[in-house]
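# Close look at the chain arrangement
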Amino acid sequence: MRDQLLPILEAYGKKREALIPVLQKVQGELGYLPEEAISEIAHFLGISTSQIYGVASFYAQFRFERQGEHTIKVCQGTACHVRGGRRIMATVAQELGIQPGGTTEDYKFSLERVACFGSCALAPVMVVDNTVYGRMTTVKARQILSRYMQEPQANE
Amino acid sequence: MSNSMVEKNDSANRPSSQTLLVCKGTGCIAGGSDNIYNALQREVESAGLRNVKVDFVGCHGFCQRGPIVDIEPEGYFYTEVQVEDVAEIVRSHLVEGRPVERLFYHDLVTNEPIPLYHNVPFYEKQHRIILRNCGHINPERIDDYLAAGGYQGIRKALLEMTPEQVIEEIRKSGIRGRGGAGASTAFKWEACRRSPGNEKYLICNADEGDPGAFMDRSILEADPHSLLEGMLVAGYAIGANQGYIYCRAEYPLAIHRLEIALEQMKEHGLLGDNILDSGFKFQINIKEGAGAFVCGEETALMMSIEGSRGMPRPRPPFPADSGLWGKPSNINNVKTLVSSCRIIEDGADSFASIGTEKSKGTAVFALTGKTRNSGLIEVPMGMPLADIIFDIGGGIIGGKRFKAVQTGGPSGGCLPANMLDLPVDYESLAQAGSIMGSGGMVVTDEDTCMVDLAKFFIAFTQDESCGKCVPCRVGTKQMLTILERITEGKGQPGDIDLLEKLAQTIKATSLCALGGTAPNPVLTTIRYFREEYEEHINKNYCRAGVCGKLVKSPCQNACPAGIDVPRYIRLIGDGKFDEAVAVIREKVPFPTVLGYVCVHFCEAKCRRGQLEEAVAIKELKRFAAERDKGLWKQNSKILSPTGKKVAVVGSGPAGLTAAFYLAKLGHSVTVFEALPVAGGMMRVGIPRYRLPAEVLDKEIKEIEDFGVEIKLNTRIDSTDDLFAQGYNAIFIGIGAHRGTNMGIEGEDTPGIIDGADFLREVSLGNEVKIGDKVGVIGGGNVAIDASRTALRLGAKEVTILYRRTRAEMPASPEEIEEAIREGVNIVYLATPVTASRVNGRLNVESIRMQLGRVDQSGRRRPEPMEGSEFTEEYDTMIKAIGQESVTPDGFGVDVGRGGRIQVDDDTLAASREGIFAGGDVVTGPASVIEAIADGRQAAIAIDKYLGGEGDIDEVLAPVEEVPKYVAPEIEGEQYRPEVNTMPLEKRLSCFDLVELGFDEDKGIEETTRCLRCDLEER
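Below you will find a few notes about this structure. Just so it is clear, the structure is predicted and the values come from calculations on it, not from any experiment.

## With respect to the sheet that holds strand S15 (residues 413-416) of chain B
Residue and element names in this part refer to chain B. Reading across the sheet, the five strands line up as S13-S12-S16-S14-S15 and stay open at both edges, with mixed pairing between neighbours. If you trace the sheet from one side to the other, it starts and ends with strand S13 (375-380) and S15, each paired once. Strand-to-strand, the axes of this sheet are offset by a mean angle of 30 degrees, without reference to chain direction. Judged from the four bridges that link them, strand S12 (residues 362-369) and strand S16 (residues 440-445) form a sheet pairing that is parallel. Each residue of the ladder has a partner; that of Ala366, found in S16, is Gly440.

Written out as structure tokens, the structure is:
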């Protein structure tokens, strides 16, 4: 773990200011923030792990559990809400069998709600990893999900 | 690097003969523009078009119509382009010179194609200063920005002005912060400049956390250098050497483009230790947000940059005195910085000449929600909301009614239709209870529940509350809890006052603007939409059909009588027509009549309508009713006689329904009808080719079979007389039968007759001579009925004059269709002015109208066009612009405008004890189903008045286990089957029924289109 994280930590330096960017980069690499990583960061920056948890847990972006291979974010912003975003979320949750914030047992999918992607003219919006899908309907949501489901699972 | 890099650089970037510009903003990329770009490059190359370049640009702002491809230099604007269209665009437009019309934007009214960008109404009415370059330059190429005049502003500032002069120019422009609070930008810069010390920070707030706002994202993706130049200007002015851009992580493309731009700046000597050889030093770093709305608040934002929890702190000290790491700092929004750059470049006067006295310049809005055109727009401050929503936004999708516009995101407020004239500026919006905010503008329609929307916003701010101060942390939670109760049907009297009190406290005592503004959506929805709150609390009713726990299905919710639509549709699908009718009759005594003529509020809310078209609920009602064998009678009860007598005045749907239910409750009911026939408007308003006499007769007979006595040819003028005859209660349902006057000169000219009178005379079998050429004034069902009746009486030419457009005609769309098919001419936007007799003929002078400003009903007000008068001769002119009631003084009840009887909202009790009223005499001309619903409501109230329970609920259909339902996958589109109609040639010679209903198999198939919304989890 240390070998993996050291390049990131050294690039940002031993500054308190570096904490959030480091957490973002580490999560980008590992998919989430395991306890071990937090310890390493604490050690490097000279801050206690509880302080780091205090900061990380404040922000919605950070995850402390292993995430699925694909992250599905369904927008619940105003324009999407007014255009039926709730129904899209309900459909996706039902198809995957998990609630927002959860991950499927096979670690294939994680589901999140996001307040706004800024693609309001395409409401309702769903984002899978980095791909934005606009003008969603419940039918389209199911079609998109089944496409991802049919992919072979990525190797560990 | 030398200054020459920054000089205007036209020659190197002069466009080749044509350039295809593919939009690569987040929205268009979502639509596949990356693939379109690649495909265009391949096609252009393989077609050997040497003079054609393919390039990409950033967000145009019209994301709804993306992917967008522009062709310069002409400015052709292609919308909703797919990869499959690429070959055609290259071959047809570029090679053969024939543009692909179907991909152009089409006018929303005329459907005419509009090929060029600057003619598209969405852009035509904008004033793009901040967004000037967006969609026109490649955001990843600094040379494009330079060629467009980029970095001239900072050049001028660094080489020709002192920092104080820069601030003075900003002050002269009058610009106020575009992040939402609207503080004077010059004031903030001055304060920071004056602070002692030489370590200062300039921070750009690109967090843009408001849901529904994406202005900053688009600017960063389309024209990052404008922001960066603005930061240089601001940094120079305040004396800072380090800048930060705090950009939310949800905007990866924006961050990517900023990173590229920063590299390019360094290469061109625009960042670093000696910018443009002026000695000015500046560095810019990007900090990504990590998903906290509160970090859009400046003190929380600075905490986040420092690496801490993003929790605000009290001010003073203000950032200008003590900001990032305790040093003087200045935070500005993206649009403020871009504007500042333009102000230095073009001069303050240019900026100050736009907008209003206190709100200078332009504002950028993200116009989204239910508008037909949605996207980013830039307009001068002071433009009225109506112009933005209707002229630029194109009005509401699907012709639905505008309900409210939300400005300022979760910190703002919801403004109703009667505020559409409001100019968009800081003060006007604040006075109305909203705020300008960062620019989010979400438009809602009749299908949005305002209580649900308030709950939505509070849920958001509650979730995003940092938790530091009690008023926000606890207060928003309490407000949310109350709103949740209300939307679940558990609202209590006093809840509204409690919400207001909580709101005031939270606003006054919260630490930062998150808490300080979180109650605004709740306060404005209570202020402007209080009835919706009251309906949720007092009647467990959600009129928009949104709140899951209150709405079994949108169709049933929309029905004034609450008919269990999904259940009867399902029974029809199972072939159980008897039981379907029994379900309908649990709520109304006129299933067949309604199946012929109901205005079907249910269909307007049918969710299937969001796919292809609504289920044919009305037609299916008729379908079942015509196959009914009377199963409903087995369970239909009559209670034992109560000894009470009720008089019902008027045998229309309201009166007959009230009579029916009162008779079933055991009262002795007599209906008094002035005409020789019973049925009210069902008989004398609706022509026989729409509703055959036998159908109506049969359903009235069913009512009489329950003991209701109908006395025809008996006019009632006095309620005293009725009471004297021993009646214990009276229901008045005399309707609205007298035609309203047009208010024109020559109103009484012979030859002008009233529409309702005309229809009544014809239905009574009296001869009415109308001649060959007939004119009809009006746009409602009476006008349509009168015109189709006139044709059947032998008129050769029938013309309707309506003062608005077809989209606004109140008549049922299917009726308008049939009228046109039968040969009725409709002249829109015309209204009569004077009538007279000339040489023995009726002459009517009319004037043409044009649609002007949107008025408080949310519709454009028609205005006469000077000099457009025209005169026509007619044999007869039928006026059908509305009806009033004639309520005799002898009724002894309070009467309002138009003869309408004033009643209590719940009990329908009139001002005199023992008298109740309902139907058109209370509401003005409405519909059969609404009158029936009033009849039910009155029966309940009258029974209670007479000492009963007021319980008219009954179970007529056998109680059943609802079978498990597995929703079938919807493959492709499925529309309604054709309704059989009488052939056109046969129609006009008789009054026989025109619509003949569904074939049996088609009717049953239609029921499969129902989405079974009643089974939705709540």
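## Examining the packing of helix H1 (residues 2-12) of chain A against helix H2 (residues 19-30) of chain A
All names here are of chain A. At a closest axis distance of 10 Å, the pairing of H1 and H2 adopts a crossing angle of 155 degrees. As far as their axial angle goes, H2 and H1 are roughly antiparallel. Viewed along their axes, H1 and H2 form a crossing whose handedness is right-handed. Counting all contacts with H1, which are made through Gln4, Leu5, Ile8, Leu9 and Tyr12, the residues of H2 involved are Pro21, Val22, Lys25, Val26, Glu29 and Leu30. Residue classes in the contact of H1 with H2 are distributed as eight nonpolar, one polar and two charged.

## A look at unusual backbone geometry
Residues and elements named next belong to chain B. Here the bond from Gly66 into Pro67 is cis, since omega is 0 degrees, no more than 30 degrees from zero. For the peptide bond that leads from Arg315 to Pro316, omega is 10 degrees, which places it in the cis range. With respect to the element layout, Pro316 can be found in the loop between helix H12 (298-306) and strand S11 (329-333). The phi angle at Asn111 is positive, at roughly 65 degrees, despite the residue not being glycine. Tracing the sequence through the fold places Asn111 in the loop between strand S5 (105-106) and strand S6 (113-114). Residue class for Asn111 comes out exposed when judged on its relative accessible area of 52%. For Leu829, which is not glycine, the phi torsion reads 55 degrees and is therefore positive.

## Notes on the pairing of S11 of chain B
Residues and elements named next belong to chain B. Within S11, five of the five residues are buried, which leaves the element mostly enclosed by the surrounding structure. The two faces of S11 match: Ser329, Ile331 and Asn333 on one face and Asn330 and Asn332 on the other face are all buried. Of the pairings in the sheet, the one linking strand S7 (residues 201-206) to S11 comprises five bridges and is parallel in character. Note that in S11 the partner of Tyr201 across the bridge is Ser329.

## Points about the side chain of Arg65 of chain B
Position of Arg65 of chain B among the secondary structure elements: in the loop between strand S2 (52-57) and strand S3 (69-72). One buried charged residue, Arg65 of chain B, forms no salt bridge at all, with the nearest opposite charge on Glu80 of chain B at 4.6 Å. A polar atom in the side chain of Arg65 of chain B sits 2.9 Å from the side chain of Gln64 of chain B. Setting aside its immediate chain neighbours within four residues, Arg65 of chain B contacts Arg135 of chain A together with Thr79, Glu80, Tyr105, Leu108, Arg372 and Asn373 of chain B.

## As for the nonpolar core
Residue and element names in this part refer to chain B. Counting residues in hydrophobic clusters, the biggest one holds 81 residues, and the most contacted among them are Tyr151, Trp189, Leu227, Leu228 and Ile245. Beyond its immediate sequence surroundings of up to four residues, Trp189 is in contact with Val166, Ile167, Ile170, Val233, Ala234, Ala237, Ile238, Asn330, Asn332, Leu337 and Ser340. Judged by nonpolar contacts, the second largest core, of 75 residues, contains Ile569, Val581, Leu908 and Ala938.

## Notes on the interface of chain B and chain A
Tallying the contact residues gives 57 residues for chain B and 35 residues for chain A. Approximately 3500 Å² of surface area, both sides summed, lies buried where chain B meets chain A, with 56% of it carried by carbon and sulfur atoms. At the boundary of chain B with chain A, the tally comes to two salt bridges. Between Asp452 of chain B and Arg86 of chain A there is a salt bridge, with its nearest N and O atoms 3.3 Å apart. At the surface where chain B touches chain A, the tally comes to 17 residue pairs in polar contact (both at pLDDT 80 or more). Among the elements of the structure, helix H1 (26-30), strand S8 (242-247), strand S10 (280-288), H12, S12, S16 and helix H17 (450-464) of chain B are those that each provide at least two residues to the side of chain B that touches chain A. In terms of residue count, the dominant contributor to the side of chain B that touches chain A is H17 of chain B (five residues). Partitioned by chemical class, the residues of the side of chain B that touches chain A number 25 nonpolar, 17 polar and 15 charged.

## Quick notes on the packing of aromatic side chains
How two aromatic rings sit relative to each other is set out by the distance from centre to centre and by the angle between their planes. Residue and element names in this part refer to chain B. For the structure shown, the criterion picks out 28 aromatic pairs over all chains. Look at Tyr78 and Phe104: their rings are 5.1 Å apart centre to centre, the planes differ by 5 degrees, and that puts the pair in the stacked class. Here Tyr78, found in strand S4 (residues 76-78), pairs with Phe104, found in the loop between helix H3 (86-95) and S5; they are 26 residues apart in sequence, far enough to count as distant. Judged by its relative accessible area of 0%, Tyr78 is buried. Connected via pairs of aromatic rings, a cluster forms that spans Phe62, Phe77, Tyr105, Tyr117, Phe122 and Tyr123. Positioned over the ring face of Phe56 is Lys24, at 5.1 Å from the centre of the ring. If you follow Arg792 out to its NZ or CZ, it ends over the ring of Tyr689, 3.9 Å from the centre.

## Quick notes on the pattern of salt bridges
Residue and element names in this part refer to chain B. All told, the structure shown has 76 salt bridges over all chains when counted by the stated rule. With a shortest N-O distance of 3.4 Å, Arg1009 and Glu612 are connected by a salt bridge. Here Arg1009, found in the segment after helix H39 (1000-1006), pairs with Glu612, found in the loop between helix H27 (601-605) and helix H28 (617-625); they are 397 residues apart in sequence, far enough to count as distant. Residue classification places Glu612 among the buried positions, given a relative accessible area of 13%.

## Let's talk about the state of the cysteines
Residues and elements named next belong to chain B. Inspection of every chain in the model, using the stated rule, returns zero disulfides over all chains. Free of any disulfide, Cys512 has its nearest cysteine sulfur in Cys466, 6.3 Å distant. Cys547 carries a free sulfur, and the closest cysteine sulfur to it, the one in Cys449, is 3.8 Å from it.

## Examining the pairing of strand S23 (residues 773-777) of chain B
Looking along a regular strand, one sees side chains alternate from face to face of the sheet. All names here are of chain B. The buried fraction of S23 is high, at five of five residues. Residues Lys773, Gly775 and Ile777 of S23 are buried on one face, and the alternating residues Val774 and Val776, pointing to the opposite face, are buried as well. Alignment of S23 against strand S24 (residues 797-802), held across five bridges, turns out to be parallel. Along S24, the bridge assignment pairs Lys773 with Glu797. Each parallel crossover has a hand, and the one from S23 via helix H34 (residues 781-792) to S24 is right-handed.

## As for the side chain of Lys403 of chain B
All names here are of chain B. For Lys403, the position within the fold is in strand S14 (residues 402-407). For Lys403, a relative accessible area of 11% translates into the label buried. A polar atom in the side chain of Lys403 sits 2.7 Å from the backbone oxygen of Thr448. Ignoring sequence-local partners within four residues, the contact set of Lys403 consists of Leu415, Pro416, Ala417, Thr444, Asp445, Glu446, Thr448, Met450, Phe529, Glu532 and Ala544.

Criteria and cut-off values
- Residues numbered from 1 in each chain as written.
- Chains lettered and ligands numbered in written order.
- Predicted model: local features only at pLDDT ≥ 70, side-chain atom pairs only at ≥ 80, totals over all residues.
- Heavy atoms only, no water.
- Pairing = 2+ DSSP bridges.
- Helix = DSSP H or I, 4+ residues; strand = E, 2+ residues; numbered from the N terminus.
- Axes fitted to C-alpha atoms, helices over the stretch in contact; angles between N-to-C directions.
- Parallel < 35°, antiparallel > 145°, perpendicular 65-115°, else oblique.
- Left-handed = near helix turned anticlockwise from the far one by under 90°.
- Contact = heavy atoms within 4.5 Å.
- Nonpolar A, V, L, I, M, F, W, Y, C, P; charged D, E, K, R; others polar.
- Buried < 20%, exposed > 50% of the residue type's maximum accessible area, 1.4 Å probe, protein only.
- Lys, Arg positive; Asp, Glu negative; His and termini not counted.
- Salt bridge = Lys/Arg side-chain N within 4 Å of Asp/Glu carboxyl O.
- Polar contact = N/O pair within 3.5 Å; in protein donor to acceptor, adjacent residues only side chain to side chain.
- Core = buried A, V, L, I, M, F, W, Y, C linked by side-chain atoms within 4.5 Å.
- Buried area = accessible area lost by both parts, 1.4 Å probe.
- Phe/Tyr/Trp six-rings, centres within 6.5 Å; stacked < 30°, edge-to-face > 60°.
- Lys NZ or Arg CZ within 6 Å of the ring centre and 35° of its normal.
- Disulfide = S-S within 2.5 Å.
- Right-handed = clockwise from strand over helix to strand, strands pointing away.

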